[in-house]
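Close look at the chain arrangement
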Amino acid sequence: MMKRLFIISIIFLISNPAFNQITDSKVLNLFASVKQLNELINRFNYVSDNLGNKLDDEFKTVISRENYILSLFNFENELLNDSSYQNTINKFIAEVCDTLNPLFLKRFSEGILAELECPVIIENREKLITLYLLPEIGENGSYKWIIKDIKTDLYQHLEKRNDTLVFINPLNNETGFISLQRIFTEKTIPVSNYTTDDFTIDKLSLFFNDIYTNRIKFTTVKNCTYYIFDIDGWVLEVEEFIRDKKNSGWLINNLQKKDITVTQFLDQLE
Amino acid sequence: MKYKRVILVLAFFSFSILSFSQNKVAVNKESPVVDEINLSSSDIEVFKEKTKQKVMEFEQHIVTIGSKDEPDEKRNLAEREALKLFYTGATMETSYVEADGTIVKRARPIAKYLSRLKSLPYTKVVIKFYDIAYVTDFVKGPDGRYYSTATIIQEFTGFSGDNIIYKDITKKEIEIVIDLVEDKFFNEKQWKIFLGDIKASETRNA
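Below, the structure is looked at part by part. Since the structure is predicted, the reported quantities are computational estimates derived from the model, not experimental observations.

Here we take up the overall build of chain B. Along chain B, the regular secondary structure elements total 4 helices and 8 strands. Of the regular secondary structure in chain B, the N- to C-terminal order runs α-α-α-β-β-α-β-β-β-β-β-β. When the 206 residues of chain B are sorted by exposure, 47% land in the buried category. Pairs at least 24 apart in sequence give 64% of the contacts found in chain B among residues at least 6 apart. Counting only carbon and sulfur atoms, one obtains 55% of the accessible surface of chain B, whose full area is about 11,000 Å².

For the rest of this paragraph, the subject is the overall build of chain A. Broken down by element type, chain A carries 9 helices and 7 strands. Taken over the C-alpha trace, chain A has a radius of gyration of 25 Å; the compact-globule value for 270 residues is 18 Å, which it surpasses by more than 25%. Over its C-alpha atoms, taken along the principal directions, chain A stretches across nearly 85 × 45 × 40 Å. Per-residue burial for chain A yields a buried fraction of 45% across its 270 residues. Long-range contacts, defined as pairs at least 24 residues apart, comprise 60% of the intrachain contacts of chain A with a sequence gap of at least 6. Accessible surface for chain A amounts to roughly 15,200 Å². Of this, 51% is attributable to carbon and sulfur atoms. Taken as two groups, the 29 positive and 38 negative side-chain charges of chain A have centres that lie 4 Å from each other.

A few words on the side chain of Glu237 of chain A. All names here are of chain A. Inspection of the secondary structure assignment puts Glu237 in strand E6 (residues 234-241). Within the buried set, Glu237 has no salt-bridge partner at all; the shortest N-O distance to an opposite charge, 8.4 Å, is to Lys258. When near neighbours in sequence (up to four residues on either side) are disregarded, Glu237 contacts Thr225, Tyr226, Tyr227, Leu251, Ile252, Asn253, Asn254 and Gln256.

Judged by nonpolar contacts, the single largest core of 45 residues is most densely connected at Phe44, Phe92 and Leu131 of chain A. The next biggest cluster of nonpolar side chains, apart from the first, holds 39 residues, and it includes Leu39, Val55, Leu180 and Ile193 of chain B.

All names here are of chain A. Considering the arrangement of structural elements, one finds Arg65 in helix H5 (residues 65-70). Despite its burial, Arg65 pairs with no opposite charge; the closest candidate is Glu66, at 7.4 Å N-O. Residues within four places of Arg65 in sequence aside, it is in contact with Phe44, Asn45, Tyr46, Val96, Cys97, Pro102, Leu103 and Phe104.

This part covers the packing of helix H3 (residues 72-84) of chain B against helix H4 (residues 110-117) of chain B. The description of two packed helices rests on the angle between their axes and on the distance between the axes. All names here are of chain B. Across the interface, H3 lies against H4 with an axial gap of 10 Å and an inter-helix angle of 160 degrees. The orientation of H3 with respect to H4, classified from their angle, is roughly antiparallel. Considering only the axes of H3 and H4, their crossing is right-handed. In this structure, H3 contributes Arg75, Glu79, Ala82 and Leu83 to the contact, and H4 contributes Ile110, Ala111, Leu114, Ser115 and Leu117. Tallied by class, the residues present in the contact of H3 with H4 amount to 6 nonpolar, 1 polar and 2 charged.

Turning to the interface of chain B and chain A, a few remarks are in order. With 28 residues of chain B at the contact, the number on the chain A side is 30 residues. Roughly 2,400 Å² of surface becomes buried between chain B and chain A when both sides are summed, with 56% attributable to carbon and sulfur atoms. Area buried by chain B at its contact with chain A is led by Tyr134, Asp137 and Arg204 of chain B, which between them contribute 29% of it. Our count for the contact surface shared by chain B and chain A stands at 2 salt bridges. Run the count over chain B and chain A and you get 10 residue pairs in polar contact (both at pLDDT 80 or more).

Here we take up a nonpolar patch on the surface. Residues and elements named next belong to chain A. A contiguous nonpolar surface patch, about 410 Å² in accessible area, is contributed by Ile168, Phe177, Leu180, Phe184 and Val191. Following the sequence through the fold, Ile168 ends up in the loop between strand E3 (143-151) and helix H7 (179-183). Exposure remark for Ile168: the relative accessible area of 30% places this residue in the partly exposed category.

To describe a pair of aromatic rings, you give the distance between the ring centres and the angle between the ring planes. What the rule picks out here adds up to 17 aromatic pairs over all chains. Taking the centre distance of 5.0 Å and the plane angle of 65 degrees together, the rings of Phe92 of chain A and Trp234 of chain A count as edge-to-face. Of the two residues, Phe92 of chain A sits in helix H6 (residues 83-96) while Trp234 of chain A sits in strand E6, which places them 142 residues apart along the sequence. Residue classification places Phe92 of chain A among the buried residues on the basis of a relative accessible area of 0%. Among the residues examined, Trp234 of chain A registers a relative accessible area of 1% and is labelled buried. Following the ring pairs from residue to residue traces out a cluster consisting of Tyr96, Tyr122, Phe156 and Tyr166 of chain B. A cation over a ring is seen here: Lys257 of chain A above Trp234 of chain A, with NZ or CZ 4.7 Å from the ring centre.

Cut-offs applied
Throughout, residues of each chain are indexed from 1 in the direction in which the sequence is written. For this description, chains carry letters from A and ligands carry numbers from 1, given in the order in which they are written. In view of the model being predicted, local features appear only for residues whose pLDDT reaches at least 70, and side-chain atom pairs are presented and counted only at 80 or more, with totals across whole chains, interfaces and linings using the full set of residues. As a convention, hydrogens and water are excluded, and side-chain values are obtained from all of the structure's heavy atoms. Only runs of H or I of at least four residues qualify as helices and only runs of E of at least two qualify as strands under DSSP, and these elements are numbered from the N terminus. In this scheme, a residue with accessible area under 20% of its type's maximum is buried, one over 50% is exposed, and one in between is partly exposed, where area comes from a 1.4 Å probe on protein chains only. Here a residue-residue contact requires only that any non-hydrogen atoms of the pair lie within 4.5 Å. For every accessible area listed, the method is Shrake-Rupley and the probe measures 1.4 Å; residues are considered covered only by the protein chains on display. Only C-alpha atoms enter the radius of gyration; for comparison, a globular chain is expected to reach 2.2 Å times N to the power 0.38, where N is the number of residues. By the counting rule applied here, Lys and Arg register as positive and Asp and Glu as negative, while His and the ends of each chain are not counted. In plain terms, the charge of a residue is placed at NZ if it is Lys, CZ if Arg, CG if Asp and CD if Glu. A pairing counts as a salt bridge when a side-chain nitrogen of Lys or Arg comes within 4 Å of a carboxyl oxygen of Asp or Glu. Side-chain atoms within 4.5 Å link the members of a nonpolar core, which is a set of buried Ala, Val, Leu, Ile, Met, Phe, Trp, Tyr and Cys residues. Under this scheme, a helix contributes an axis fitted over its contacting stretch, all axes are lines through C-alpha atoms, and angles between N-to-C directions fall in the 0 to 180 degree range. Roughly parallel here means an angle under 35 degrees, roughly antiparallel means over 145, roughly perpendicular means 65 to 115, and every remaining angle is called oblique. The handedness criterion is simple: a crossing whose near helix is rotated anticlockwise from the far helix by less than a right angle is left-handed, and one whose near helix is rotated clockwise is right-handed. Polarity classes work like this: nonpolar for Ala, Val, Leu, Ile, Met, Phe, Trp, Tyr, Cys and Pro, charged for Asp, Glu, Lys and Arg, and polar for all others, with Gly in that last group. Here the buried area means the combined drop in accessible surface, using a 1.4 Å probe, for two parts upon being joined, counting both sides. Pairs of N or O atoms within 3.5 Å make up the polar contacts considered here, provided that, within protein, one atom can donate a hydrogen while the other can accept it, and that residues adjacent in sequence are counted only when both atoms are side-chain atoms. Patch membership requires over 30% relative accessible area and the absence of a salt bridge. Like charges are linked within 9 Å, and nonpolar side chains (Val, Leu, Ile, Met, Phe, Trp, Tyr) within 5 Å. Planes of paired rings set the category: under 30 degrees apart is stacked, over 60 is edge-to-face and the rest tilted, where pairs are Phe, Tyr or Trp rings (Trp by its six-membered ring) whose centres lie within 6.5 Å. Note on criteria: charge over ring means Lys NZ or Arg CZ within 6 Å of the ring centre, with the direction from the centre no more than 35 degrees off the ring normal.

Structure (structure tokens):
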């Protein structure tokens, strides 16, 4: 399969006349790479080439949709050496390229989750947090990203502890709830232990407050992984591979046979 | 042949956009500047081509600004013209490959970047751009504007005399915005393309 993938990549490159004028291999590789997520989607849907030009009949004669989709996988993923994973990919491609019922990714879809690994500065130390962003489509067909969730251990000290029994005593009201003074100054027991059984802290709100009060400084987005749920029963994991090769840019690094929605996927990350 | 066809298509669509502007967006004086007007898919395709023109215009200004052989007056003019292409508040991320291979990135307001480009510590700077690598499909934002991204590939060479001191190849992503702007002279609204933030997504030693 790897040999087939390599041949595919060479074929489709040399078929594009725009490359004839470029002699620098580094530049050639940049042009050949999957430069944007939008490009991956258009290539997956067999709509355009690596320069955004609509695919013509000549191209389609040389490269089938099956092989074109295959070229969007990360060739250097060791999973590709596993025959069962190869079968999973073949099954997926066969399903997506079914002539009677071909399947496509939506160009602008709510079935995409962006997982961002971001270094932040807190108390002069760098820590990594993970933000989850989802697209939202408005009534007028508009599109935007929204911050949906955060994964971090920055607020672990606020989480409920199950190893200790603490409570506001049943007659504390008669003393004007005087124990609240101790509860809110004591640091050893999280205050959340004094809430309802199903209480959970809202990490996202805490993070926003810390950003707003300058306790945390956001620096940049270090890594981005997309999870695409557009094809029912499948989850595509897309990452950016920066390397001086034609098989680079935004590539499918993992494919899972999984019947799961974006919300269910987010819930399982907790 | 391919380029001739592109130029003809661009010329045709430039004319038709003007017609579109005059027929469809003439509004009364009391309308808000940004109306809920949708671009058709064929209009969007036209704007994709116009985006390439706008990006090429920017690239040409960068080449002029960076070139120490050009007279100061021309470089200053290019700097002013380049700035006009951008949305207010746009930033440019630059990247530099250190001797040990680490890549250092820094974001600056466009005006600062352009000013700094004129005074880089080289005796000669040559900036070369390849054909625009990719332009994404336009998508409508909640504010009624249309958004896209263009990928360009830039080669930067810095000289000290005849010696190349530094050379790199950078892939950059440029945010593109189409906005409905009021033309006070003609008292009508026209769609206009603006450039936004620019990210240096990948840099390699050349």
